[in-house]
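This is what each chain is made of:
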Amino acid sequence: MSAGYEAAAGSKPAPGRPAGNPGLGTLGTFGGVFTPSILTILGIILFMRLGYVVGAAGLGQMLLILLLANLISVLTSLSLSAVATNLHVKRGGDYYLISRTLGQEFGGAIGMVLFLAQAVSVGFYCIGFAEVVVDLLPSALAGMVKPVAALAALALFALAWLGADWATRFQYLVMTLLGLALLSFFIGGIQHLSFSQLQANWQAGTPEQSFWVLFALFFPAVTGFTQGVSMSGDLKDPGRSLPRGTLTAVGLSILIYLAAALVFAASLPGPVLVSDYAAMQRVAALPALIVIGVIAATLSSAMASFLGAPRILQSLAEDRLFGFLRPFARGTGPQNNPRRAVLLSGAVALITISIGKLDLIAPVVSMFFLISYGLINYATFFEASAASPSFRPRFRFFHPKVSLAGALACFGAMLAIDLVAGLLALTLLLAIYFYLRRTVPQARWADGRRSYHLQRIRAHLLEVADEPEHPRDWRPNILLFSDSSHRRFPLLKLADSLGGDSGFVTAVRMLYGRDLRALKEREVATDELRSDIRRLEVEAFPLVLTISDLDSGLHTLVQSFGLGPLRANLILLNWLEHRPGAEDLFAEKRFGRHLRTAYRLGLSLLVLDGEDAEWKRLESIQPRQRRIDVWWWGGATGHLMLLLAHLMTRSADWRGASIRVLTLAPEVQQGDIYTELKALLEEVRIDAEPCVVEGSGSELLHQHSSDAALVMMPMRLQHNLPLDPFGNSLNEVLGPLPPTLMVLAAHDIELDAEPEEGEIADNVRLLDAVIDTARVVELTEGDYNDSKSKYENASGKVDANSDEIDRLKAQVEHSYRRVLKARFRAEEALREAQAQGLIDGADKTEQGDRSDRAGKPANGANADRPDGATDPDTPA
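Residues numbered from 1 in each chain as written. Predicted model: local features only at pLDDT ≥ 70, side-chain atom pairs only at ≥ 80, totals over all residues. Heavy atoms only, no water.

**Comments concerning the overall build of the protein**
- Each helix and strand counted, the protein has 31 helices and 12 strands in total.
- Counting the 876 residues in the protein, one finds 52% classified as buried.
- Sequence-distant contacts in the protein: of pairs separated by 6 or more residues, those separated by 24 or more amount to 82%. (Helix = DSSP H or I, 4+ residues; strand = E, 2+ residues; numbered from the N terminus. Buried < 20%, exposed > 50% of the residue type's maximum accessible area, 1.4 Å probe, protein only. Contact = heavy atoms within 4.5 Å.)

Structure, rendered in structure tokens:
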């Protein structure tokens, strides 16, 4: 017989009707889940290859193969029961489950390859059927395998064309024939039973194949347990029927395969099992029933695939993931029978039969089914790990780690069975995945990914909250304020670039009012913000607030914005649209008052002077031809400008732009200042060109930076009035300049901070001090006790030397003072650690307990003194 169809690991969809509407199902557990599942598991491997594996591997290794193979089926069945009872499974089976959990990319990829795998499997099983039939015909017809297989495929095509009802009736006939065949086999096995033969077959005499080759040959036998999923829409109670029917089918199939392996080993010698694929007929009481069973098994598997493949294709077409599949979404009749998809499936099956030799394709097809089982396991683990409140499966007997183990087991089986075929299958799957990522960017339904990301955000924020802040971790978290849509474009583009692919941007708009009308306007404004963000393709979050007045609204927003340790650190807004003159100085001061509010609340200030037209002209310049001028005044603001300029050059819009750092110095000091500035840039690892200019006044900005793409300069607030570094009004400076970002830092950023610096290092030093001082106390206390013991021994002697006693007494006094000094230092270190919250005063750590013990010599204080005197004063 052809080796092709035995190697096809088929998740063979069962006969049955397409998924119906919720609440309209008529099938129970037996007809809807158990029967299609058990029929696809008890396939051609049981009748034609199990005896060979027992003979080639020996019963001992066969039992191990059976255990490993069924481990995957059991774990996947548990995962399947969980995820299938968490939602109403519609048409598409495995495809529907995976796509609604892991997303349309994974779902579409597995759906496409499963359709092809099942359509090809129809050809495999028809060839298997034909080989059995031709063996029964005269030898003159030995070359009729392909024609017989094609006739079988056409007959099954007719059943699939008529609809699932005909196949549902057909599966009961098939089950009856399989049952009679197995009954005949086990009755014959009892008659041939020999314990000596069983012992002889425990180990193979001469191994025919390696363990993993035999595992690969047997593994398709345990597939097919996922067929009840496709029937979920037709079940009366999917929550009860799916887990019960699937697990019962898997459990019964394990017992049947175990019993069959024992019967083979106890009935026939190993060489006979290896040489005769029809060994089951030698054992059976009625050999003819085995032939009928083989025919029934191949036809049932082919029929199952002929029903499953079109429904997967139809579900894919209905979801519109692949535009060229849309014609196959149309069905016929009240049950929406996918006749167009049946036509395509039949064509693929006939092409498969015409190829004939399928040994190269079969392993890859096997991998597709194995990948689908792995993704079902991972989907369950994924959903459970997301901890979404919506994950409420009716099946409770599962655990996320068990599902993950099932996914890893599937991956391991792929490597063990055929590494090359596994890599080819994964390559094709990933190719379709990335194709869908590119062609279908908009999600077409809700899946589990958002819940998973939210859970990871929660976990990561809790982790970050427990860690002290460090300058190396600083990244921009920008509050962008803009009320006018036409001036929002430069701000959004600049904020996106300032983030450097590592920051956060929140676009804020404030609306006055608290009534219902204001709430409706808030929804409209939120949609407008979101539209601007999408149109500009920037990474930002929209936020619209309704406020009663700007001062209190800004104050509240800055204090409350953020989640856990994720707080805003920059505020970005436009400079006044209509630059007021001296007669309208009040507008500038009001603007400056709002800036000071944000500054006092810890936000660094970024004010952009750049109109929409200027920014669009800027975007016409290639990034590598742009230059950012940073006017260096030192201090915290200088550090912030340097870092922001560097981050901009990491963004896509500014990648390759140059940075020039300009500073002022008298001519006699220009050399030294240049050297110092260059050394600073090298130390902080920012690629920039230092430039020292002579002079003073705002005209220097115009003279040296008029040709820059963007200017960054410090600003200051004086009596709520924004001024340039020279103390001039900003209106006097900004006019001739290109787009300019004015900066005022609220906190310093240590650009050259090392890992051993910062709050973490300070805390570690405090804890180390607690441990070290406690250890010193223990050592000095030991010295004190030793000297005291020597003094007491010398004092107790009748002939004691008075000079020696005086020396020992002085040594005790000295040791005691060392204890007091050490105790003082230990207590001081402990108090400082407790003040920083590193050691809980109520719940002492080991270090704290040691420090407390260190304050007391071993046997008390005054009682241990050699003369009974009071304690010496604790030295300062």
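**Digging into the environment of Gln 199**
- Tracing the sequence through the fold places Gln 199 in helix H9 (residues 195-200).
- The exposure class of Gln 199 is exposed, given its relative accessible area of 64%.

**Describing the packing of aromatic side chains**
- Following the criterion strictly, the structure yields 23 aromatic pairs and no others.
- Plain terms: the ring middles of Tyr 378 and Phe 382 are 5.9 Å apart, the flat faces sit at 45° to each other, and that makes the pair tilted. Linking Tyr 378 with Phe 382, this pair stays in helix H16 (residues 361-386), spanning four residues, or about one helical turn.
- You can call Tyr 378 partly exposed: its relative accessible area is 30%.
- A ring pair is formed by Phe 395 and Phe 397, whose centres lie 5.9 Å apart and whose planes are at 70°; its orientation type is edge-to-face.
- On the basis of relative accessibility, which here comes to 7%, the residue Phe 395 falls in the buried class.
- Ring-pair connections join several aromatic residues into one group, and the members of that group are Phe 211, Trp 212, Phe 215 and Phe 219.
- Positioned above the aromatic ring of Tyr 452 is the side chain of Arg 456, whose terminal nitrogen or guanidinium carbon lies 5.2 Å from the ring centre.
- Lying over the aromatic face of Trp 654, Arg 626 brings its terminal NZ or CZ to 4.8 Å of the ring centre. (Phe/Tyr/Trp six-rings, centres within 6.5 Å; stacked < 30°, edge-to-face > 60°. Lys NZ or Arg CZ within 6 Å of the ring centre and 35° of its normal.)

**Points about the sheet that holds strand S2 (residues 504-512)**
- Taken together, the 10 strands give an open sheet; going across it, the order is S3-S2-S1-S4-S5-S12-S9-S6-S7-S8, and neighbouring strands pair in mixed fashion. The sheet is open, and its two edges are formed by strand S3 (541-547) and strand S8 (689-693), each paired on a single side. Strand-to-strand, the axes of this sheet are offset by a mean angle of 25°, without reference to chain direction.
- Contacts from helix H21 (residues 516-536) reach S2 and S3 within the one sheet, and its direction differs from that of S3 by about 155°.
- Against the sheet, helix H26 (residues 670-683) engages strand S7 (658-664) and S8, with an angle of about 155° to S8. (Pairing = 2+ DSSP bridges. Axes fitted to C-alpha atoms, helices over the stretch in contact; angles between N-to-C directions.)

**Section: the pairing of S3**
- In this structure, S2 lies alongside S3, joined through seven bridges in parallel fashion. From the neighbouring strand, Leu 511 faces S3, where its bridge partner is Thr 546.
- What joins S2 to S3 is H21, and the crossover it makes is right-handed. (Right-handed = clockwise from strand over helix to strand, strands pointing away.)

**Looking at the pairing of S2**
- The buried count for S2 comes to seven of nine residues, which makes it a mostly enclosed element.
- In this structure, strand S1 (residues 477-481) lies alongside S2, joined through five bridges in parallel fashion. Across the sheet, Asn 477 pairs through a bridge with Phe 504, a residue of S2.

**A word on the pattern of salt bridges**
- Scanning the model with the defined rule gives 21 salt bridges in all.
- The partner of Asp 653 in a salt bridge is Lys 493, and the shortest N-O contact between them spans 3.4 Å. Placement of the pair is Asp 653 in the loop between helix H25 (635-648) and S7 and Lys 493 in helix H20 (residues 488-498), with a sequence separation of 160 residues.
- The partly exposed category is assigned to Asp 653, whose relative accessible area is 28%.
- Of the charged contacts, one joins Asp 629 and Arg 660 as a salt bridge, the two residues approaching to 2.9 Å between their closest N and O atoms. Of this pair, Asp 629 sits in strand S6 (residues 627-631) while Arg 660 sits in strand S7, and the two are 31 residues apart along the sequence. Of the two residues, Asp 629 and Arg 660, neither departs from the other in class, the shared state being buried.
- Residues participating in the shared-partner salt-bridge network are Arg 488, Arg 509, Glu 528, Asp 532 and Arg 535. (Salt bridge = Lys/Arg side-chain N within 4 Å of Asp/Glu carboxyl O.)

**What to know about the packing of H20 against H25**
- Running from amino to carboxyl end, H20 crosses H25 at an angle of 95°, the nearest separation of the two axes being 7 Å. In terms of axis orientation, H20 runs roughly perpendicular to H25. Judged by residue contacts, Leu 494, Ser 497 and Leu 498 of H20 engage Leu 644, Leu 647 and Met 648 from H25.
- Here the residues of the contact of H20 with H25 are counted per class, giving five nonpolar, one polar and no charged. (Parallel < 35°, antiparallel > 145°, perpendicular 65-115°, else oblique. Nonpolar A, V, L, I, M, F, W, Y, C, P; charged D, E, K, R; others polar.)

**Some details on a negative patch on the surface**
- On the surface, Glu 463, Asp 466, Glu 467, Glu 469, Asp 473 and Glu 759 cluster together to form a negatively charged patch.
- Checked against the element boundaries, Asp 466 lands in the loop between helix H19 (449-465) and S1. (Patch = residues over 30% accessible without salt bridge, like charges linked within 9 Å, V, L, I, M, F, W, Y side chains within 5 Å. Areas by Shrake-Rupley, 256 points an atom, 1.4 Å probe, with all protein chains shown as cover. Lys, Arg positive; Asp, Glu negative; His and termini not counted. Charge placed at Lys NZ, Arg CZ, Asp CG, Glu CD.)

**Digging into unusual backbone geometry**
- In this structure, Arg 320 is a non-glycine residue whose phi angle is positive, near 60°.
- Since its relative accessible area comes to 47%, Arg 320 is described here as partly exposed.
- The phi angle at Ala 387 is positive, at roughly 55°, despite the residue not being glycine.
- Among the residues examined, Ala 387 registers a relative accessible area of 46% and is labelled partly exposed.

**Quick look at the nonpolar core**
- If you look at the biggest cluster of nonpolar residues, it comprises 115 residues, and the most contacted ones within it are Leu 46, Phe 47, Leu 50, Phe 218 and Tyr 257.
- The leading source of residues in this core is H16, at 13 residues.
- Ignoring sequence-local partners within four residues, the contact set of Tyr 257 consists of Ile 41, Leu 42, Gly 43, Leu 46, Leu 50, Leu 66, Phe 218 and Ala 221.
- Grouped together as the second largest cluster of nonpolar side chains are 52 residues, Leu 491, Leu 618, Trp 632 and Met 712 included. (Core = buried A, V, L, I, M, F, W, Y, C linked by side-chain atoms within 4.5 Å.)

**Considering helix H14 (residues 287-319)**
- If you check H14, its first and last C-alpha atoms are 49 Å apart, about what 33 residues at 1.5 Å a residue would give, namely 48 Å.
- With 27 of 33 residues buried, H14 is to be regarded as a mostly interior element.
- Two residues or fewer after H14 comes Arg 320, characterised by a positive phi angle close to 60°. (Expected span 1.5 Å × (residues − 1).)

**Quick word on the side chain of Gln 455**
- Relative to the elements of secondary structure, Gln 455 occurs in helix H19.
- Every residue in contact with Gln 455, bar those within four places of it in the chain, is listed here: Ser 385, Ala 386 and Ala 387.

**A short note on the side chain of Glu 383**
- The residue Glu 383 is located in helix H16 in this model.
- Buried charge without a partner: Glu 383 forms no salt bridge, and the closest opposite charge is Arg 392, 10 Å away.
- The residues contacting Glu 383, other than those within four sequence positions of it, are Asn 86, Thr 101, Ser 388, Phe 391 and Gly 448.

**As for the packing of helix H17 (residues 400-417) against helix H18 (residues 419-439)**
- H18 packs onto H17 with a crossing angle of 125° between their chain directions and a minimal axis gap of 5 Å. Comparing the axis directions of H17 and H18 gives the class oblique. Across from Met 414, Leu 415 and Ile 417 in H17, the residues of H18 making contact are Leu 419, Gly 422 and Leu 426.
- Taken together, the residues of the contact of H17 with H18 sort by class into five nonpolar, one polar and no charged.

**Here we look at a nonpolar patch on the surface**
- There is a patch of nonpolar side chains on the surface, built from Phe 411, Leu 415, Leu 419 and Leu 423 and spanning about 370 Å² of accessible area.
- Within the fold, Phe 411 resides in helix H17.

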